[in-house]
Amino acid sequence: MFRRTATVLGTAAAAFLLTTTTAAADSIISAGEDNIKWRRSCDTVYFGAVGTTYALTRKNDSGTCKGDAWVRAHTSSGWTSWVHSSTEAEISSSGGHITRAQHKGCADCTVHSTELRWLD
């Protein structure tokens, strides 16, 4: 009896966690190597992009998310600190040393990465 109850409870717990995780996950709208567009569970759309001289994350005014646009960039010196703003966060490098970036829609949200791929 105990083994059967534990199995049923374990299955129910796993189903709950899967449902909870799926409901809170970001949905990717489009993604390329150097850009990404996603929608958070509160229905706000975010856009992230990277170029040799910039990294940016932009928050659309749709949805109900209160989270800022967050971005950080990887340069020849390593990762920068996170920068955030209510609508658009950007990091610039006039020397063209940015190779990749990370983007998110709140302080503890899912991180989305973009990267520049060089052609030979």
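Residues numbered from 1 in each chain as written. Predicted model: local features only at pLDDT ≥ 70, side-chain atom pairs only at ≥ 80, totals over all residues. Heavy atoms only, no water.

(A) View of the state of the cysteines. In the structure shown here, the tally under the stated rule is two disulfides. One disulfide bridge connects Cys 42 with Cys 65, the sulfur atoms lying 1.6 Å from each other. Taking the torsion about the S-S bond as the criterion, the Cys 42 to Cys 65 disulfide, at about 90°, is right-handed. Taken together, the residues span a long stretch of sequence, with Cys 42 in the loop between strand E2 (35-39) and strand E3 (45-51) and Cys 65 in the loop between strand E4 (54-59) and strand E5 (69-75) at a distance of 23 residues. Each of the two residues, Cys 42 as well as Cys 65, counts as buried. Disulfide pairing places Cys 106 opposite Cys 109 at an S-S distance of 1.9 Å. Linking Cys 106 and Cys 109, the disulfide has an S-S dihedral of approximately 105° and is accordingly described as right-handed. Residue Cys 106 shares its accessibility class with Cys 109, and that shared class is buried. Described in terms of the sequence order of its bonded cysteines, the disulfide pattern of the protein chain is 1-2, 3-4. (Disulfide = S-S within 2.5 Å. Helix = DSSP H or I, 4+ residues; strand = E, 2+ residues; numbered from the N terminus. Buried < 20%, exposed > 50% of the residue type's maximum accessible area, 1.4 Å probe, protein only.)

(B) Examining the nonpolar core more closely. With nine residues, the main nonpolar core is built from Val 50, Ala 55, Val 71, Ala 73, Ala 89, Ile 91, Ile 98, Ala 101 and Leu 116. Going through the elements one at a time, E5 and strand E8 (88-92) are the ones with two or more residues in this core. The next biggest cluster of nonpolar side chains, apart from the first, holds five residues, and it includes Ile 36, Cys 42, Tyr 46 and Cys 65. (Core = buried A, V, L, I, M, F, W, Y, C linked by side-chain atoms within 4.5 Å.)

(C) Main features of the pairing of E5. By the criterion of burial, E5 is predominantly enclosed, with six of the seven residues buried. Across three bridges, the pairing between E5 and strand E7 (residues 83-85) is antiparallel. Across the sheet, Trp 70 pairs through a bridge with His 84, a residue of E7. By the bridge criterion, five bridges tie E5 to strand E9 (residues 100-104) in an arrangement that is antiparallel. Counted as the bridge partner of His 74 is Arg 100 from E9. The sheet contact formed by E5 and strand E6 (residues 78-79) spans two bridges and is antiparallel. Considered in E6, the bridge of Thr 75 is made with Gly 78. (Pairing = 2+ DSSP bridges.)

(D) A look at the sheet that holds E2. Taken in spatial order, the five strands line up as E1-E2-E3-E4-E8 in an open sheet, and their pairing is antiparallel. What marks the edges here is a single partner per strand, and that holds for strand E1 (27-31) and E8. Along the sheet, successive strands turn relative to each other by an average axial angle of 10°, direction set aside. Alignment of E3 against E4, held across six bridges, turns out to be antiparallel. (Axes fitted to C-alpha atoms, helices over the stretch in contact; angles between N-to-C directions.)

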